[in-house]
Amino acid sequence: MADRMVMHMYRIVLAPLTRQRSYGNVPQPHAALYYSQRASTGGLLITEATGVSDTAQGYPDTPGIWTAEHVEAWRPIVTAVHKKGALIFCQIWHVGRVSTFDSSSPAGRRRCRARRHGWGRRRASMVISTSFDGVEIHGANGYLIEQFLKDGTNDRDDEYGGSLENRCRFALEIVDAVVKEVGSHRVGIRLSPFTDISDCYDSDPHSLALHMSTKLNDHDILYLHMIEPRMAIVDGRRVVPKRLLPYRKAFKGTFIAAGGYDREEGGKAVTEGYTDLVAFGRLFLANPDLPKRFEVGAELNKYDRMTFYI
């Protein structure tokens with residue numbers, strides 16, 4: 001797959017961006033235009049986070065991939081991207097404790113337990129049947145997998161809690177299940193060790209990030225997509241902290257960095273060998289032709305936060 005993705009034409013990735021426009025959790029026809037506008041030859045797009053079950057949902061109108069209707073709704077979207085010569089990975093998630101699903105009933109509790117381990121394998125298979133090029137496992141931003149990873153939220157006293165190795169067990173089991181179902185060359189994962197979204201924090205994010213980056217090599221996955229710590233202000237300018245180099249060195253596959261990059265910072269990160277690819281979110285929303293604008297040095301449209309979720 002494009003020499004393990006290192007030969008990506010522009011080194012620019014569309015980051016996964018929740019839009020809340022999939023009414024009833026069904027991807028809509030307009031999404032084909034949205035994604036294809038941001039597709040270019042050799043490009044990589046990662047979809048908005050896509051729920052693996054009804055229990056996985058935490059926000060209104062986010063897309064799903066757990067029914068035949070969802071699969072059929074995604075097909076024309078994937079086809080539109082492929083016609084532009086780009087790759088598209090589906091990011092799958094379960095929001096965990098952020099879920100709006102009513103698990104208080106006995107039936108709800110049984111369903112949640114039954115789906116804890118099975119969702120990764122079954123849904124990954126559905127993703128590939130839709131002709132997506134691969135699966136990105138959402139292990140970031142305070143959702144289910146990260147709730148296991150971080151000691152600020154994981155208070156379990158079984159084999160999934162306590163030590164660093166135990167807290168990482170669930171995430172690596174999901175990776176293993178997905179790899180066995182669709183192949184390691186179709187699997188990536190997104191991590192955010194330095195964030196504290198929804199009170200999901202860790203007392204030693206460096207050790208967590210290094211352990212995961214190293215252990216993921218055992219599964220030979222295609223890429224590791226990691227979010228930078230929050231940007232710092234230096235000489236009055238927002239600067240990406242660039243603290244991900246130890247994990248880029250530890251991980252043997254393709255590395256994607258995300259978090260506040262602009263054209264200048266992104267270009268330096270790639271040319272200096274800090275990362276293989278750079279993911280852009282807000283700039284891509286306002287500039288569907290972002291790779292071309294970067295290439296020719298064109299002026300960028302300013303993004304409008306008020307339109308992100310409408």
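Up top is the structure.
Description of the structure in this document.

Conventions adopted
- Residues numbered from 1 in each chain as written.
- Predicted model: local features only at pLDDT ≥ 70, side-chain atom pairs only at ≥ 80, totals over all residues.
- Heavy atoms only, no water.
- Buried < 20%, exposed > 50% of the residue type's maximum accessible area, 1.4 Å probe, protein only.
- Helix = DSSP H or I, 4+ residues; strand = E, 2+ residues; numbered from the N terminus.
- Arc of directions from axis to C-beta.
- Polar contact = N/O pair within 3.5 Å; in protein donor to acceptor, adjacent residues only side chain to side chain.
- Contact = heavy atoms within 4.5 Å.
- Salt bridge = Lys/Arg side-chain N within 4 Å of Asp/Glu carboxyl O.

### Observations regarding helix 9 (residues 263-271)
Looking only at helix 9, the buried set comprises Glu-265, Gly-266, Ala-269 and Val-270. Down the axis, helix 9 shows its buried residues gathered within 130° of arc, on one side only. Among the residues of helix 9, the N-terminal cap falls to Asp-262, whose side-chain oxygen and the backbone nitrogen of Glu-264 are separated by 3.2 Å. Count one or two residues on from helix 9 and you reach Gly-273, which has phi positive near 80°.

### Let's talk about the environment of Leu-300
Relative to the assigned elements, Leu-300 resides in the segment after helix 11 (290-296). The spatial distance from the C-alpha of Leu-300 to the C-alpha of Asp-289 is 9.7 Å, given a sequence separation of 11 residues. When near neighbours in sequence (up to four residues on either side) are disregarded, Leu-300 contacts Leu-283, Asn-287, Leu-290, Arg-293 and Phe-294.

### As for the environment of Ile-221
With respect to the helices and strands, Ile-221 occurs in the loop between helix 7 (205-215) and strand 7 (223-227). Using a relative accessible area of 2% as the deciding quantity, one classes Ile-221 as buried.

### Topic: helix 7
Looking at helix 7, one finds that the buried residues are Pro-205, Leu-208, Ala-209, His-211, Met-212 and Ser-213. Against helix 5 (144-149), helix 6 (164-182), strand 6 (187-191), strand 7 and helix 8 (245-250) lie the buried residues of helix 7.

### Some points on unusual backbone geometry
Peptide bonds are trans in most cases, and residues, glycine excluded, mostly fall at negative phi. Of note in this structure, Asn-25 is not a glycine but carries a positive phi near 70°. Relative to the assigned elements, Asn-25 resides in the loop between strand 1 (12-14) and helix 1 (30-37). Notably, Asp-199 is not glycine yet its phi reads approximately 60°, a positive angle. Here Asp-199 lies in the loop between strand 6 and helix 7.

### Some details on the pattern of salt bridges
Tallying each qualifying case throughout the model produces 10 salt bridges. Between Asp-158 and Arg-156 there is a salt bridge, and its shortest N-O distance comes to 2.7 Å. Among the ionic pairs, Asp-218 bridges to Lys-215, the shortest N-O distance being 3.4 Å.

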